[in-house]
Amino acid sequence: MPSTTLSPRGTTARSTTIALKLLMAVTGLVFVGYLLLHMYGNLKALTGEEGFNEYAEHLRSFGEPMLPHGGLLWIVRVVLILSLIGHAYASFKLWSRADSARRTKYAAVKSAATAKWMRWGGVFILLFLVWHLLQFTIVKISVNPDKQGANVTSNPYELVVASFQVWWMVLIYVAAMIALFMHLKHGVYSAQQTLGWTSSPKAHVRAMTIGVALAALIVVGFLIPPLSIAFGLID
């Protein structure tokens, strides 16, 4: 019986797909690390204005004089921008291949919901990230009509509190966190699968548990400050 071999074209396509999945996994883990650090920083709001603003300033002065003022933040931004480009590129390439691939009806039905959620959930998270950066970093926008002016926008703590005293801002944030939970739950598991950490039934269960636990930890941590502000526990 003749042996079945992959054509060079098929081998190249398979190798490229593996490389794209590996790129998604590595850049995704970079984002998970950043989210954990960012979550810790946000929770500083629970310590009050002095503690939160001191943390914000320390991020800019960290590493001085070896690094210029704000140097660490720029290093982090460059790494995140490159990771975002790599993650988005790999995502869209893999989605394009999945859409054009010939799949059985069973496989299509089985994967359609997850694929659609990861795709559009990721787009929503990206749009929210753009707004989040404009609001708190690039432009510094106070959406609270009762709290305007430089004394608010130049004070990180005041800007955060003013923003989450607005009900629709809280709803947008909660919706973004729900999308982030679903994205992280599946993404963290998929990253472990790509890296070969789900090779046994026990490892598979462990990877699923880590995905859910890590997603829950990050999302709950991010929700505590804005909900505390919305319900008047922080002012």
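Up top is the structure.
1. Topic: the packing of helix 7 (residues 167-194) against helix 8 (residues 201-230)
In contact at an axis separation of 8 Å, helix 7 and helix 8 are set at 165 degrees when each is read in the N-to-C sense. With respect to helix 8, the axis of helix 7 lies roughly antiparallel. You can see that helix 7 and helix 8 cross each other, and the crossing is right-handed. Classifying every residue of the contact of helix 7 with helix 8 by side-chain character gives 23 nonpolar, three polar and one charged.

2. Details of helix 8
Taking 1.5 Å per residue as the helical rise, helix 8 with its 30 residues ought to reach 44 Å, and the 43 Å between its terminal C-alpha atoms agrees with that figure. The largest bend in helix 8 is about 30 degrees, located at Ile224, with the proline Pro225 one to four residues further on. Positive backbone phi, approximately 80 degrees, marks Gly232, located one or two places after helix 8.

3. Remarks on the environment of Met118
Within the element layout of this structure, Met118 appears in helix 4 (residues 105-138). Met118 sits in the buried class, given a relative accessible area of 11%. In this structure, the C-alpha to C-alpha distance between Met118 and Leu184, residues 66 residues apart in sequence, is 9.4 Å. Excluding residues that lie within four positions of it along the chain, Met118 makes contacts with Trp95, Met182, His183, His186 and Gly187.

Basis of the calculations
Residues numbered from 1 in each chain as written. Predicted model: local features only at pLDDT ≥ 70, side-chain atom pairs only at ≥ 80, totals over all residues. Heavy atoms only, no water. Axes fitted to C-alpha atoms, helices over the stretch in contact; angles between N-to-C directions. Helix = DSSP H or I, 4+ residues; strand = E, 2+ residues; numbered from the N terminus. Parallel < 35°, antiparallel > 145°, perpendicular 65-115°, else oblique. Left-handed = near helix turned anticlockwise from the far one by under 90°. Nonpolar A, V, L, I, M, F, W, Y, C, P; charged D, E, K, R; others polar. Expected span 1.5 Å × (residues − 1). Bend = angle between axes of the 7 residues up to and from the residue. Buried < 20%, exposed > 50% of the residue type's maximum accessible area, 1.4 Å probe, protein only. Contact = heavy atoms within 4.5 Å.

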